Amino acid sequence: MCKDCQAAKETSGLWTQFDSPKCPYCTARLIQRIGKLRTPTSDAITARRRVVLVDAVACGHEEALIRKLAKGPLSVEPSK
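The sections below set out a description of the structure shown in this document.

Looking at the pattern of salt bridges
Moving on, step 1. One pass over the full model with this rule turns up one salt bridge.
Moving on, step 2. Arg67 is the partner of Glu63 in a salt bridge, and the nearest nitrogen-oxygen pair spans 2.9 Å. Of the two residues, Glu63 and Arg67 both sit in helix 4 (residues 63-71), four residues apart, roughly one turn of that helix.
Moving on, step 3. For Glu63, a relative accessible area of 37% gives the class partly exposed.
Moving on, step 4. Its relative accessible area of 41% is what places Arg67 among the partly exposed residues.

So, the packing of helix 2 (residues 24-35) against helix 3 (residues 42-58)
Pairs of packed helices are described in terms of their axes, by the angle between the two and the distance that separates them.
Moving on, step 1. Between helix 2 and helix 3, whose axes approach to 9 Å, the crossing angle comes to 175 degrees. The pairing of helix 2 with helix 3 is recorded here as roughly antiparallel in orientation. Where helix 2 approaches helix 3, its residues Thr27, Leu30, Ile31, Gln32, Ile34 and Gly35 are matched on the opposing element by Ile45, Arg48, Arg49, Val52, Leu53 and Ala56.
Moving on, step 2. Counted by class, the contact of helix 2 with helix 3 contains seven nonpolar, three polar and two charged residues.

Conventions adopted
Residues numbered from 1 in each chain as written. Predicted model: local features only at pLDDT ≥ 70, side-chain atom pairs only at ≥ 80, totals over all residues. Heavy atoms only, no water. Salt bridge = Lys/Arg side-chain N within 4 Å of Asp/Glu carboxyl O. Helix = DSSP H or I, 4+ residues; strand = E, 2+ residues; numbered from the N terminus. Buried < 20%, exposed > 50% of the residue type's maximum accessible area, 1.4 Å probe, protein only. Axes fitted to C-alpha atoms, helices over the stretch in contact; angles between N-to-C directions. Parallel < 35°, antiparallel > 145°, perpendicular 65-115°, else oblique. Contact = heavy atoms within 4.5 Å. Nonpolar A, V, L, I, M, F, W, Y, C, P; charged D, E, K, R; others polar.

Structure representation (structure tokens):
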């Protein structure tokens, strides 16, 4: 579990800094947060989310996993 996932658990998901591209849960949370931004067009949001997804795949994550996590509720690594 990365430090950001741990902080999200400890603060009931209120932790807003998800900066670990090596963590699939941080990547999914970042994609979710980008989706909530207010911009003049949705094209800018879509383009930014795609960049994050490409970066995640470059870090070795499966695209399908990231997409699944990002579509769910606020993504926090499950307890083991």
